[in-house]
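Coordinate analysis (summary)
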Amino acid sequence: MKRRELERWERRLHLGAHPVLYPLIRGLGYRRPVQRIPGLGILVSDAGLLRQVLMDNERFVKHGRSASGGLWTPVVGPKALLNMDGAEHLEMRRRLGGVFTARSVAVMVEPAAARLRDRLERELPAGRGVDLVREVKELSGGVIAGILGLPADAPGRLPDRDLFDLGTSITSLVRLGRHELTPPQAAKARSAVERLAGPARAAYRDGAPDTFPGRLRELGMSEQEALGVVSAFVIVGTETLVSFIPRIVALLADAGRLSALAADRNGLPAAVNEGLRFTVPSPMMLRDAVASGTLGGVRYREGDRLLLSTIHAAKSLGGFDPERTVPPHARQLWFGAGPHFCIGMPLAMAQINSTLESLLDIYARQPWRIVSRRVKHRVLIPGYETLELANE
Ligand code: HEM
């Protein structure tokens, strides 16, 4: 295999996104498991210590000024899961416990996944190229419509791609070194949230239990809580997948695994899991310390910001290898751990699997290949700007 080629693209993706911080933080993180970086915070790069922090919501919180709270509370209000902690957060998670049944995930993902499949089926076999990044943006916009409870035939409905652009106009404002948005950025993000909130509010008021906002109402959430949760889903669920899906497709192609998987899908779950470990679509998590103590031999004080480097913790296990067994303390760390563990994982997996299944079905009939690709520059989450597929 072209392992060197695969590693080269991986490095390009990271350097494209963070030309200065990536080499700096990567280099530092391999030196010591915990260390203070002046101006940025305390970098934690060991999987076991990361998990320890994530599980301890008493000492390390998300609602604080320099973790998610500072970024998101001015935009989506204080009750959006990702900026909550303690009993209130647990209670909201408990209420949301049963929200992702196989049926509700299907209602949110399947219409958009079917539209994506139709486009791939129409374009690739006809010998036309397809930009997978553009396609996944459409998919993601379609799923946003599902989260907002917006039917495909709603009068005046924004197209999927516009919904994606609105979602991403919020997340693209975030940078690694930034603790909070500037007032004009926060105002821009609030106006995008407000546009997205319109249909979600209507679906909540309508109360139809087969829509996500209607279901949140059924679970006893106030309108403000429901809109906070809907906003959190739109904020967290777009960039990660638009980064990951093209990257896993490129990894499988670069690793020469497409034909084996097209013929036999049994290896697909392990390949996806390993792709998530290797690419780490959510490369860093943030926490504020609300007590003093010691972590991995380093003193931390109340008010310190912790940079939990999932990317170090996951990547230190080695190169892309779907046959790998991940040690228990690192398992699924790329979806977090503890009370804030990714609640959208079922939605994410449904989008990842449906796209890969569609591409592999087409591949089994007529192989395609990557004809060109470009990496994104200066973004929070590394990813491809374009990934062009066409028939072999
Ligand atoms: C491959 C895709 C994804 C990855 C790798 C991922 C990763 C993560 C991680 C690491 C966290 C924990 C953050 C922390 O503890 O600070 C998280 C939380 C969260 N994720 Fe995901 N995520 C993905 C997709 C999604 C999708 C598609 C959605 C929804 C549409 C979503 C919704 C959420 C929400 C709402 C939270 C906050 C949960 C809470 O704070 O209680 N995620 N995700």
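Looking at an unreviewed UniProt entry, the protein chain carries the name Cytochrome P450, with the source organism given as Arthrobacter cupressi.

This part covers the side chain of Glu 10. Its place among the elements puts Glu 10 in helix H1 (residues 3–17). In this view, Glu 10 contacts Arg 247, Phe 278, Thr 279 and Lys 315; residues no more than four positions away in its chain are not counted.

Attention now moves to the site of the ligand. Taken together, 26 residues lie near the ligand, and His 89, Arg 93, Arg 287, His 340 and Cys 342 sit nearest. Within the side chain of Arg 93, an N or O atom sits 2.8 Å from an oxygen atom of the ligand. Arg 287 places a side-chain nitrogen or oxygen 2.7 Å from an oxygen atom of the ligand. Counting only elements with at least two residues in the shell around the ligand, the list comes to helix H5 (86–96), helix H11 (223–237), helix H12 (239–254), strand E5 (285–289) and helix H16 (345–365). Element by element, the count of residues in the shell around the ligand is highest for H11, at 3 residues. A breakdown of the residues in the shell around the ligand according to their chemical character gives 16 nonpolar, 7 polar and 3 charged.

It is worth spelling out the packing of helix H8 (residues 160–171) against helix H9 (residues 183–206) at this point. Put simply, H8 and H9 touch, their axes get as near as 8 Å, and they point 145° apart. H9 is crossed by H8, and the crossing has left-handed handedness. Contact residues: Leu 163, Leu 166, Gly 167, Ser 169 and Ile 170 in H8; Ala 189, Ala 192, Val 193, Arg 195 and Leu 196 in H9. Taken together, the residues of the contact of H8 with H9 break down into 7 nonpolar, 2 polar and 1 charged.

Glancing now at the coordination of the iron atom of the ligand. Among protein atoms, the single one acting as a donor to the iron atom of the ligand is Cys 342 (SG), 2.3 Å away. Tracing the backbone shows Cys 342 in the loop between helix H15 (310–315) and H16.

In this fold, Gln 351 is placed in helix H16. Excluding residues within four positions of it along the chain, Gln 351 makes contact with Val 109, Leu 139, Ser 140, Val 143, Leu 241 and Ile 245.

Let's shift gears to the environment of Gly 228. Residue position: Gly 228 is located in helix H11. Take Gly 228: its relative accessible area is 2%, and that puts it in the buried class. For the pair formed by Gly 228 and Leu 120, sequence separation is 108 residues and the distance between their alpha carbons is 34 Å. What Gly 228 contacts, discounting residues up to four positions off in sequence, is Val 76, Lys 79 and Ala 80.

Further remarks concern the packing of aromatic side chains. Describing an aromatic ring pair means giving the distance of the ring centres and the angle of the ring planes. Taken as a whole and judged by the stated rule, the model has 8 aromatic pairs. Here the aromatic rings of Phe 100 and Phe 212 are separated by 6.0 Å at their centres, their planes lie at 15°, and the arrangement is stacked. Taken together, the residues span a long stretch of sequence, with Phe 100 in the loop between H5 and helix H6 (102–123) and Phe 212 in helix H10 (residues 212–218) at a distance of 112 residues. In terms of burial, Phe 100 and Phe 212 fall into one category: buried. Note on Phe 100 and Phe 233: the rings are 5.6 Å apart at their centroids and 50° apart in plane angle, and the pair reads as tilted. Of the two residues, Phe 100 is situated in the loop between H5 and H6 and Phe 233 in helix H11; the sequence distance between them amounts to 133 residues.

With 15 residues, H11 extends 21 Å from end C-alpha to end C-alpha; this agrees with the ideal 21 Å at 1.5 Å per step. In terms of burial, H11 is a largely internal element, 11 of the 15 residues being buried. Listed in full, the buried residues belonging to H11 are Glu 225, Ala 226, Leu 227, Gly 228, Val 229, Val 230, Ser 231, Ala 232, Phe 233, Val 234 and Ile 235.

As a further point, take the sheet that holds strand E9 (residues 368–375). Spatially, the 3 strands line up as an open sheet ordered E4-E10-E9, and their pairing is antiparallel. The open sheet has two free edges, formed respectively by strand E4 (130–131) and E9, since each of these has just one partner strand. As paired strands, E4 and strand E10 (residues 384–391) are joined by 2 bridges and run antiparallel to one another. Bridged to Val 130 within E10 is Leu 389.

What follows is about the pairing of strand E1 (residues 34–37). Taken together, the 4 bridges between E1 and strand E2 (residues 41–44) define a ladder with antiparallel strand orientation. Looking at E2, one finds that Val 34 is bridged to Val 44. Where E1 folds back onto E2 in an antiparallel hairpin, the turn is made up of 3 residues, including Gly 39, whose phi is positive at roughly 85°.

Direction vectors running N to C along helix H7 (residues 132–148) and H12 enclose 140°, while the axes themselves pass 9 Å from each other. Judged by the inter-axis angle, H7 sits oblique to H12. For the pair H7 and H12, the crossing hand works out as right-handed. Facing Leu 132, Val 133, Val 136, Lys 137, Leu 139 and Ser 140 of H7, the residues of H12 in contact are Leu 241, Val 242, Ile 245, Pro 246 and Val 249. Each residue belonging to the contact of H7 with H12 can be placed in one class, and the counts come to 9 nonpolar, 1 polar and 1 charged.

For the rest of this paragraph, the subject is the pairing of E5. Taken across its 5 residues, E5 has 5 buried, putting it largely inside the fold. Where burial is concerned, the two faces of E5 agree: the one with Met 285, Arg 287 and Ala 289 and the one with Leu 286 and Asp 288 are both buried. Inspection of the sheet shows strand E3 (residues 60–61) paired to E5 by 2 bridges, in the antiparallel sense. In the sheet register, Val 61 faces E5, and the bridge partner there is Asp 288.

Bringing the sheet that holds E3 into the picture now. Here 5 strands make up an open sheet; going across it, the order is E1-E2-E8-E5-E3 and the pairing mixed. Edge strands, defined here as strands with exactly one partner in the open sheet, are E1 and E3. With 3 bridges joining them, E2 and strand E8 (residues 305–308) adopt parallel strand pairing. What sits directly across from Ile 42, in E8, is Leu 306.

Rules and cut-offs
Residues numbered from 1 in each chain as written. Predicted model: local features only at pLDDT ≥ 70, side-chain atom pairs only at ≥ 80, totals over all residues. Heavy atoms only, no water. Helix = DSSP H or I, 4+ residues; strand = E, 2+ residues; numbered from the N terminus. Contact = heavy atoms within 4.5 Å. Near = heavy atom within 4 Å. Polar contact = N/O pair within 3.5 Å; in protein donor to acceptor, adjacent residues only side chain to side chain. Nonpolar A, V, L, I, M, F, W, Y, C, P; charged D, E, K, R; others polar. Axes fitted to C-alpha atoms, helices over the stretch in contact; angles between N-to-C directions. Left-handed = near helix turned anticlockwise from the far one by under 90°. Donors = N, O, S within 2.8 Å, 3.2 Å for Na, K, Ca; no water. Buried < 20%, exposed > 50% of the residue type's maximum accessible area, 1.4 Å probe, protein only. Phe/Tyr/Trp six-rings, centres within 6.5 Å; stacked < 30°, edge-to-face > 60°. Expected span 1.5 Å × (residues − 1). Pairing = 2+ DSSP bridges. Parallel < 35°, antiparallel > 145°, perpendicular 65-115°, else oblique.

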